[in-house]
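If you want the building blocks of each chain, they are given just below.
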Amino acid sequence: EKGGYDHYMLKEIHEQPTALRQALSGRIDLERGTADLDLTFPAGFLDSLDEIQFVACGTSFYAAHYAAHLTESFADVRATAELASEYTVDGGGDPRRTLTVAVTQSGETADTLGALRRANGTGIRTLAVTNTLGSTVTRDADDSLFIRAGPEIGVAATKTFASQVTTMALLSVFVAQERNALSAADARDVLTDLRGLPGAVQQVLDDAGDVREAATAFVDASAYFFVSRAHGYPVALEGALKLKEIAYDHAEGFAAGELKHGPLALVTEDTPILAVLTEGTRPEETLNNVAEAQTRGAPAIGIVDGSVETNSLDTAFSVPSLGPVTPLVANVYFQLFAYAIANQQGRSIDKPRNLAKSVTVE
Ligand code: F6R
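Conventions used here
Residues numbered from 1 in each chain as written. Predicted model: local features only at pLDDT ≥ 70, side-chain atom pairs only at ≥ 80, totals over all residues. Heavy atoms only, no water. Near = heavy atom within 4 Å. Polar contact = N/O pair within 3.5 Å; in protein donor to acceptor, adjacent residues only side chain to side chain. Areas by Shrake-Rupley, 256 points an atom, 1.4 Å probe, with all protein chains shown as cover. Helix = DSSP H or I, 4+ residues; strand = E, 2+ residues; numbered from the N terminus. Nonpolar A, V, L, I, M, F, W, Y, C, P; charged D, E, K, R; others polar. Phe/Tyr/Trp six-rings, centres within 6.5 Å; stacked < 30°, edge-to-face > 60°. Buried < 20%, exposed > 50% of the residue type's maximum accessible area, 1.4 Å probe, protein only.

Visitor: Help me understand the site of the ligand, please; the structure alone is not making it clear to me.
Guide: Near the ligand there are 13 residues, and of these Ser60, Thr104, Ser106, Thr109 and Glu245 occur at the shortest range. Note that an oxygen atom of the ligand is positioned 2.5 Å from one of the side-chain N or O atoms of Ser60. Contacts to the ligand include Thr104, whose side-chain N or O atom sits 2.6 Å from an oxygen atom. Taking 410 Å² as the accessible area of the ligand by itself, protein coverage stands at 89%. The set of elements that each furnish at least two residues to the shell around the ligand consists of α3 (58–75) and α10 (233–247). Here the residues of the shell around the ligand sort into 4 nonpolar, 7 polar and 2 charged.

Visitor: Mind showing me how you'd approach the packing of aromatic side chains here?
Guide: Centre-to-centre distance and the angle between the planes together describe a pair of aromatic rings. One pass over the full model with this rule turns up 7 aromatic pairs. Between Phe218 and Phe337, the ring centres sit 6.4 Å apart and the planes meet at 50°, which makes this aromatic pair tilted. With Phe218 in the loop between α9 (208–216) and β8 (224–228) and Phe337 in helix α12 (residues 326–344), this pair connects stretches of sequence that are 119 residues apart. The exposure class assigned to Phe337 is buried, which follows from its relative accessible area of 4%.

Here's what the structure looks like:
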């Protein structure tokens, strides 16, 4: 059942190319330069939006954070990601000009359903982005968009994160086009990058042995710090969460610029720093922050795409450049890294202590 893999998590990491193909299937028209989603909104609704709010928890929140970046950059609309457990509708704008998107793999997360209920209660139009047909979120939201990742058994979310970001990247192009914010040529560029995802992720998976080997050197670290900027930042947060969940080691994701505002005090030679240094995430600046950590003895591991000179890194892993979705490919290295660190410590990877796949209490 685990398809020859030691854990469901590893199997699901390796299923990502297939999951992404499914997420994209029939949803890209390259000739016309459009994202074709089976979604209908009232006439003029998307065009007159003031704000799109993505609400979610945990890994889905990081996918939401990534999606908010893409939506703002393509669709010329204010887009925010909010933790579902902190979401209030107080002080928001005009509910008729707001769309709230509830992002939940299971479709049953109580905090996310609670946020959705609060949005519905003010008359805000709501959209569910989920992996689960017939789940509660699909009944409670006005519309649903499926990420088509297939069942995920490992408690730690892996392929569903990739499928959520990919599906919401399509959504951001869809919204941008309805708002005339993105030319067909620019849309075609983004859609071509999305098309490249399954192959790029496969390339990273083919390097899994190298990641395992590199991770061996860091298994005794006292903490792991993940950094990046822009849409690389949610990937840094997600990288740290995976490591916490399955290895039970201390890991934190930081906006790279914040390192010097406090966290640098934690940096020693026993705290490796892992950075996403790809185009569009302001890699030169992040590299400077990484250098500050290296000066304190921290080993530096970078995920790079050739957009900056990265000779100063101790270890580098390459990803193909795929424009705004390159950090999503970089994330696969972080998944493999967390898995390798946890596996070397003999952790209960598919069922980490204290965690459940679906959290149905607020
Ligand atoms: C992390 C993880 C959790 C979930 C969170 C939301 O690996 O699995 O952080 O992402 O509990 O779950 P869903 O997406 O089902 O709402």
